[in-house]
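Here are the chains, one letter per residue:
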Amino acid sequence: MAIQLGNHLPHFTALTQDGTSFDSHEIQNKPVVIYFYPKDNTPGCTAQACSFRDAYQDFQDLGAEVIGVSGDSVRSHQNFQVKYKLPFVLLSDADRKLRKLFGVPTALFGFLPGRVTYVFDASGKCIYIFDSLSAKVHISKALQALQSAQ
């Protein structure tokens with residue numbers, strides 16, 4: 001079942017870019033932006049990650065964490081994070097369990113993993129969902145949703 005507005009952040013675990021286990025309980029009681037993207041080191045995904053990086057302090061000022069998720073390996077995420085100096089967690093979803101859990105649709109007639117951003121408030125409630133291949137727009141939409149929830 002897909003995450004919808006008003007749903008609570010589901011419990012999940014996944015490996016981070018440094019190979020440690022991440023548990024969604026670690027982000028309880030704080031706003032969080034979880035964005036799913038197709039692939040490390042591609043033009044759109046790099047632009048999106050760097051835009052989240054450049055606005056990261058704005059998210060932090062709102063008390064929010066940013067988490068990126070793709071099907072790339074831990075090693076790929078580690079290289080991607082180091083290369084672009086990304087200050088947030090990247091989760092490896094090689095088995096696509098998180099995409100299924102969140103209900104992230106595919107794009108381009110099923111040929112490309114979807115690009116969807118979910119915004120959860122401090123109580124864990126989903127307050128915004130943005131589904132678009134336009135990579136850079138996700139950042140401003142997520143910030144607006146968090147600011148509206150303040």
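Everything here concerns the structure above.
Residues numbered from 1 in each chain as written. Predicted model: local features only at pLDDT ≥ 70, side-chain atom pairs only at ≥ 80, totals over all residues. Heavy atoms only, no water.

### Re the overall build of the protein
Here is step 1 of the chain: When its secondary structure is counted, the protein shows 5 helices and 9 strands.
Here is step 2 of the chain: Listing each helix as α and each strand as β along the protein from the N terminus yields β-β-β-α-α-β-α-β-α-β-β-β-β-α.
Here is step 3 of the chain: Over its C-alpha atoms the protein spans a radius of gyration of 14 Å, differing by no more than 12% from the 15 Å that the globule rule assigns to 150 residues.
Here is step 4 of the chain: With the C-alpha coordinates aligned to their principal axes, the bounding extent of the protein is approximately 35 × 30 × 30 Å.
Here is step 5 of the chain: Residues counted as buried form 47% of the 150 residues belonging to the protein.
Here is step 6 of the chain: Nonlocal contacts in the protein, meaning residues at least 24 apart in sequence, comprise 63% of its contacts between residues at least 6 apart.
Here is step 7 of the chain: Accessible surface, the protein as shown: approximately 7400 Å² in total, 53% of it carbon and sulfur.
Here is step 8 of the chain: Between the centroid of the 14 positive side chains of the protein and the centroid of its 13 negative side chains there is a distance of 7 Å. (Helix = DSSP H or I, 4+ residues; strand = E, 2+ residues; numbered from the N terminus. Rg over C-alpha atoms; globule rule 2.2 N^0.38 Å. Buried < 20%, exposed > 50% of the residue type's maximum accessible area, 1.4 Å probe, protein only. Contact = heavy atoms within 4.5 Å. Areas by Shrake-Rupley, 256 points an atom, 1.4 Å probe, with all protein chains shown as cover. Lys, Arg positive; Asp, Glu negative; His and termini not counted. Charge placed at Lys NZ, Arg CZ, Asp CG, Glu CD.)

### Details of the pairing of strand S8 (residues 116-120)
Here is step 1 of the chain: Counted residue by residue, S8 has 5 buried out of 5 residues, so it is predominantly covered.
Here is step 2 of the chain: Of the two faces of S8, the one holding Val116, Tyr118 and Phe120 and the one holding Thr117 and Val119 are both buried throughout.
Here is step 3 of the chain: Looking at chain direction, strand S3 (residues 32-36) and S8 are connected through 5 bridges and run antiparallel. Along S8, the bridge assignment pairs valine 33 with valine 119.
Here is step 4 of the chain: Relative to strand S9 (residues 126-131), S8 runs antiparallel, the two sharing 5 bridges. Bridge pairing in S9 links valine 119 to tyrosine 128. (Pairing = 2+ DSSP bridges.)

### Focus: the pattern of salt bridges
Here is step 1 of the chain: In the structure shown here, the tally under the stated rule is 4 salt bridges.
Here is step 2 of the chain: Taking the shortest distance from any N to any O, the salt bridge between aspartate 72 and lysine 39 comes out at 3.1 Å. Taken together, the residues span a long stretch of sequence, with aspartate 72 in the loop between strand S4 (65-70) and helix H3 (74-84) and lysine 39 in the loop between S3 and helix H1 (43-54) at a distance of 33 residues.
Here is step 3 of the chain: The partly exposed category is assigned to lysine 39, whose relative accessible area is 44%.
Here is step 4 of the chain: In this structure, the salt-bridge partner of lysine 97 is aspartate 95, at a minimum N-O distance of 3.9 Å. (Salt bridge = Lys/Arg side-chain N within 4 Å of Asp/Glu carboxyl O.)

### Quick notes on the pairing of strand S1 (residues 13-16)
Here is step 1 of the chain: Bridge count between S1 and strand S2 (residues 21-23): 3 bridges; the pairing is antiparallel. Looking at the pairing, leucine 15 lines up with serine 21 of S2.
Here is step 2 of the chain: Connecting the antiparallel pair S1 and S2 is a turn made up of 4 residues, with glycine 19 showing a positive phi of about 85 degrees.

### What to know about the nonpolar core
Here is step 1 of the chain: The biggest cluster of nonpolar side chains holds 22 residues, and the ones touching the most others in it are Val33, Tyr35, Phe52, Phe59, Val66 and Phe88.
Here is step 2 of the chain: Only S3, H1, helix H2 (56-61) and helix H5 (137-149) provide two or more residues apiece to this core.
Here is step 3 of the chain: Sorting elements by how many residues they give to this core places H5 first, with 5 residues.
Here is step 4 of the chain: Look past the residues within four positions of phenylalanine 59 in its chain and what remains in contact with it is Val33, Phe52, Ala64, Val66, Ile139, Ala142, Leu143 and Leu146. (Core = buried A, V, L, I, M, F, W, Y, C linked by side-chain atoms within 4.5 Å.)

### Observations concerning the side chain of serine 132
Here is step 1 of the chain: Within the element layout of this structure, serine 132 appears in the loop between S9 and H5.
Here is step 2 of the chain: Residue serine 132 is classed as buried on the basis of its relative accessible area of 17%.
Here is step 3 of the chain: For serine 132, the side chain forms a polar contact with the main-chain nitrogen of serine 134, separated by 3.0 Å.
Here is step 4 of the chain: Beyond its immediate stretch of four places on either side in the chain, serine 132 contacts Arg115 and His138. (Polar contact = N/O pair within 3.5 Å; in protein donor to acceptor, adjacent residues only side chain to side chain.)

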